[in-house]
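# Examination of the molecular architecture
Here is how the chains run, residue by residue.
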Amino acid sequence: MPHPSALQAWQPSTPLERGLYRVFRLSSVGCALTVAGFVGYLSIGIALHVTGVYTPPSPVMSFSNPVFTSLSFLVGGLICLLSGSLTFLTLLASVKYANAEFVVLMSLIAFGFGAATVRVTAGAVLTWLAGLRPV
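Below is a short write-up of the structure. (Residues numbered from 1 in each chain as written. Predicted model: local features only at pLDDT ≥ 70, side-chain atom pairs only at ≥ 80, totals over all residues. Heavy atoms only, no water.)

## As for the packing of aromatic side chains
The line we're drawing: Paired rings are identified among Phe, Tyr and Trp, the last through its six-membered ring, by centres lying within 6.5 Å, and are further divided according to the angle between planes into stacked (under 30 degrees), edge-to-face (over 60) and tilted (the rest).
Taken as a whole, this structure holds 2 aromatic pairs when the rule is applied. Site record: aromatic cluster; members linked through ring pairs are F38, F63 and F68.

Written out as structure tokens, the structure reads:
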């Protein structure tokens, strides 16, 4: 099967494709930034907790920790946006190649993991947000 060269790379042509491509690009940047913040928060929080420098009011990786649940919720939502837009772009561009079938399969698996993360953390995030409301 012939593969398109770099000069014949796919370019979005319809408004739907341009919109999905923009969502894909923005969610990939957002996902990278959020995951970097999440990993940084976990590593710094665990290091400070283990050394005894700082003991947070709630454990670092628990659902009672609002930063952990908020970042988990954001990561799950951005993974859903990223993998969903990649799935639709791949289906719109070409489904003839084995690479496209692999991309669609992995994107659907990633969408499931992102949706599961959102579902697990949504209750804790909503409880935390409800507690922020002034009485």
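So that's the structure; there's more coming.
## What to know about helix α3 (residues 98-132)
Let me state the cut-off plainly: Strands are runs of DSSP state E lasting at least two residues, helices are runs of H or I lasting at least four, and both sets are numbered from the N terminus onward. Expected span of a helix: the number of residues minus one, times 1.5 Å. Fitting one axis to the seven residues ending at a residue and another to the seven starting there, the bend at that residue is the angle between the two axes. We call a residue buried when its accessible area falls under 20% of the maximum for its residue type, exposed when it is over 50%, and partly exposed in between, using a 1.4 Å probe and counting protein chains only. The contact definition used throughout considers only heavy atoms, calling two residues in contact when any of these lie within 4.5 Å.
With 35 residues, α3 extends 49 Å from end C-alpha to end C-alpha; this agrees with the ideal 51 Å at 1.5 Å per step. Of all the bends in α3, the largest measures some 40° and sits at T121. Here α3 has its buried residues at A100, V104, S107, G114, T121 and V125. Against the buried residues of α3 lie α2 (66-93).

## Digging into the nonpolar core
What counts is decided by this rule: Buried residues of nine kinds, namely Ala, Val, Leu, Ile, Met, Phe, Trp, Tyr and Cys, make up a nonpolar core once their side-chain atoms join them within 4.5 Å.
Residues F38, L42, V60, F68, L71 and V75 constitute the largest nonpolar core, which totals 6 residues. Elements represented by at least two residues in this core include exactly α1 (15-51) and α2. Top contributing element to this core by residue count: α2, with 3 residues. For L42, the contacting residues outside a window of four places in its chain are V60, M61 and F68.

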